[in-house]
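Topology and contacts: notes
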Amino acid sequence: MDKLRLLEIFLATCDGGSFAAAARSCGTDPSTVSKAISRLETQLKLTLFQRSTRHLRVTEAGQRYAVTVRKMMRDLASCEHELMHLNDLPGGTLRISAAVCYGHLYLRPLLHAFCQRYPAIKLELEVNDLHVDIIESEIDIALRTGYVKDSRLVARRLSPMDFLTCVSPNYLAAYGTPTCADDFKRHSWIGFRIKQTQQLQPIFLPDEKGEYRLFELVPRHITDDGEAMAYMCADGLGFAQLPHFLAKSGLRSGALVSLYPYYRPPEPENGVFAIYPKRDYLPAKVKVFIEFLISSLASLGENANHTWAENLTPAVNFPAKLPPELTLCLDASV
């Protein structure tokens, strides 16, 4: 029998004045109550009750102990009530870890509206591209492009991650528009180095059937910062294959154009994910944050299986919109 149960029986015995009354109150039998009191007295090395054949009297030590136990039980009940209340009402500090580009371009513009809606929540925002142990680091929720499988965590996809082959209109004006796959080898490319692995992000381009395949290209320029890659592309340093959230601003302003339809990697871990510790009762602050993100992304034309890139009309769309001679050129060069 655990200590808390012993204390409950002790208080019931104090209040009931007999083992029989305590047994009725605690849903057990008088023998169990008697053994519980004896066990508690043995632990404390104190006599809590004076026993006789007709009476049960609380000793002075028992009375003093009862005062402390009652206060402890009240404090425990009050704490449990407050914690359950906090789990129902969003409040407290929400610790968020976000990937750099996504954090700057998608998350940060949403935070003011979120804080206005939930003023009792305080934010702690970490922005980095490291796959930290969010349980060890006491992170409530992490926003990552891709995820590492971990049975302790829930990874909820917010959207796919669609890639767009982008270039500056000024670059096209100066160097021309590629008309077949082999043309790309004569153009300048901006490569992205993944910090975690130090490997270059692979480039996928459509073949003559419009199906995306891995394309071997040696980039002229390399960066490990996504926003820098987008700016370098807009500045006319060459082509870049950008995630949809990096390409969006430049495409909207006209600083970039997209040559082909979006490419979506088929792997299940592709996408933008909200990652949080697995638990039976999700804190309200985490729950409302996820709901807010999903709602906000929906207003941007994105959900777990869709991004706005699907509806983008590219500057060059093939194979359907290429003239026959360009299709032949592609067929000969891949």
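Refer to the structure printed above.
Residues numbered from 1 in each chain as written. Predicted model: local features only at pLDDT ≥ 70, side-chain atom pairs only at ≥ 80, totals over all residues. Heavy atoms only, no water.

In terms of regular secondary structure, the chain is built from 11 helices and 14 strands. Judged by the C-alpha coordinates and their principal axes, the chain covers about 110 × 35 × 30 Å. The burial tally for the chain puts 43% of its 334 residues in the buried class. Expressed as a percentage of contacts within the chain between residues at least 6 apart in sequence, the contacts between residues at least 24 apart total 75%. Summed over its atoms, the accessible surface of the chain is roughly 18,300 Å², and 52% of this surface lies on carbon and sulfur atoms. (Helix = DSSP H or I, 4+ residues; strand = E, 2+ residues; numbered from the N terminus. Buried < 20%, exposed > 50% of the residue type's maximum accessible area, 1.4 Å probe, protein only. Contact = heavy atoms within 4.5 Å. Areas by Shrake-Rupley, 256 points an atom, 1.4 Å probe, with all protein chains shown as cover.)

Turning to helix H5 (residues 100-107), a few remarks are in order. Burial analysis of H5 places six of its eight residues in the buried class, which makes it a mostly covered element. Taken together, the buried positions of H5 are occupied by Val 100, Cys 101, Tyr 102, Gly 103, Tyr 106 and Leu 107.

Counting across every chain of the model gives 17 aromatic pairs. The interplanar angle of 85 degrees and the centroid separation of 5.3 Å between the aromatic rings of Tyr 102 and Phe 245 together place this pair among those described as edge-to-face. On the criterion of sequence distance, the pair formed by Tyr 102 in helix H5 and Phe 245 in helix H9 (residues 244-253) is long-range, its members being 143 residues apart. Pairing Phe 184 with Phe 239 gives two aromatic rings, centres 5.5 Å apart and planes at 70 degrees, and the pair type is edge-to-face. Here Phe 184, found in the loop between helix H7 (169-175) and strand E8 (190-192), pairs with Phe 239, found in the loop between helix H8 (226-234) and strand E12 (240-243); they are 55 residues apart in sequence, far enough to count as distant. Here Phe 184 and Phe 239 have matching classes, each one buried. (Phe/Tyr/Trp six-rings, centres within 6.5 Å; stacked < 30°, edge-to-face > 60°.)

A word on the pattern of salt bridges. Overall, the coordinates contain 13 salt bridges when judged by the stated rule. In this structure, Glu 310 engages Arg 264 in a salt bridge whose closest nitrogen and oxygen atoms are separated by 2.6 Å. One end of the pair, Glu 310, is in the loop between helix H10 (284-299) and helix H11 (324-333); the other, Arg 264, is in the loop between strand E13 (257-258) and strand E14 (272-277), and 46 residues separate them in sequence. (Salt bridge = Lys/Arg side-chain N within 4 Å of Asp/Glu carboxyl O.)

Moving on, we come to the nonpolar core. Formed by 59 residues in total, the largest nonpolar core has its most connected members in Phe 184 and Leu 242. Counting residues per element, this core draws most heavily on H10, at seven residues. Setting aside residues up to four positions removed in sequence, Phe 184 forms contacts with Pro 178, Trp 189, Leu 205, Phe 215, Leu 217, Phe 239, Leu 259 and Tyr 260. Among the nonpolar cores identified, the runner-up in size contains 23 residues, and Ala 23, Ala 36, Leu 40 and Tyr 65 belong to it. (Core = buried A, V, L, I, M, F, W, Y, C linked by side-chain atoms within 4.5 Å.)

Our focus in this paragraph is the packing of helix H1 (residues 3-16) against helix H2 (residues 19-26). At their nearest, the axes of H1 and H2 sit 8 Å apart, and the two run at 125 degrees to each other. By the angle class used here, H1 and H2 are oblique. As H1 runs across H2, the sense of the crossing is right-handed. The segment H1 lies against H2, with Arg 5, Glu 8, Ile 9, Ala 12, Thr 13 and Gly 16 engaging Phe 19, Ala 21, Ala 22, Ser 25 and Cys 26. Partitioned by chemical class, the residues of the contact of H1 with H2 number six nonpolar, three polar and two charged. (Axes fitted to C-alpha atoms, helices over the stretch in contact; angles between N-to-C directions. Parallel < 35°, antiparallel > 145°, perpendicular 65-115°, else oblique. Left-handed = near helix turned anticlockwise from the far one by under 90°. Nonpolar A, V, L, I, M, F, W, Y, C, P; charged D, E, K, R; others polar.)

Right, let's get into the side chain of Asp 183. Its place among the elements puts Asp 183 in the loop between H7 and E8. One polar contact links Asp 183 to Arg 186, side chain to side chain, over a distance of 2.3 Å. (Polar contact = N/O pair within 3.5 Å; in protein donor to acceptor, adjacent residues only side chain to side chain.)

Pairing in this open sheet of five strands is mixed, and the strands run E4-E3-E5-E14-E6 from one edge to the other. The sheet is open, and its two edges are formed by strand E4 (121-127) and strand E6 (153-159), each paired on a single side. Looking at each pair of strands side by side, their axes are set apart by 25 degrees on average, direction ignored. The pairing of strand E5 (residues 141-145) with E14 spans four bridges and is classified as antiparallel. What sits directly across from Thr 145, in E14, is Val 272. (Pairing = 2+ DSSP bridges.)

So, on to the layout of surface pockets. Roughly 1,200 Å³ of volume is contained in the largest pocket. Taken together, 45 residues form the lining of the largest pocket, with Met 161, Phe 163, Phe 192, Ile 194 and Gln 201 sitting closest to its centre. Where the lining of the largest pocket is concerned, the elements lending two or more residues are H5, E5, E8, H8, E12 and H9. Of the residues contributing to the lining of the largest pocket, the split by class is 26 nonpolar, 11 polar and eight charged. Quantified by volume, the second largest pocket comes out at close to 240 Å³. (1 Å grid on protein atoms, 1.4 Å probe; cavity = no way out; pocket = protein on both sides within 12 Å on 5 of 7 lines; lining within 4 Å. Points joined across faces, edges and corners; volume = space filled by probe spheres on them.)

What follows covers the sheet that holds strand E7 (residues 163-167). Strand order in the open sheet formed by three strands is E12-E7-E13, with antiparallel pairing between adjacent strands. On the outer flanks of this sheet lie E12 and E13, each paired with one strand and no other. Across the sheet, H8 lies against E7 and E12, angled at about 135 degrees from E12, the strand it touches most. Here H9 sits on the sheet in contact with E7, E12 and E13, set at roughly 105 degrees to E12.

Quick look at the packing of H1 against helix H3 (residues 30-44) now. Where H1 meets H3, the axes come as close as 9 Å, and the angle between the chain directions of the two elements is 110 degrees. One way to sum up the angle between H1 and H3 is to call them roughly perpendicular. In this structure, H1 meets H3 at a crossing whose hand is left-handed. Side by side, H1 and H3 meet where Lys 3, Leu 6, Leu 7, Ile 9, Phe 10 and Thr 13 of the first sit next to Val 33, Ala 36, Ile 37, Arg 39, Leu 40 and Gln 43 of the second.

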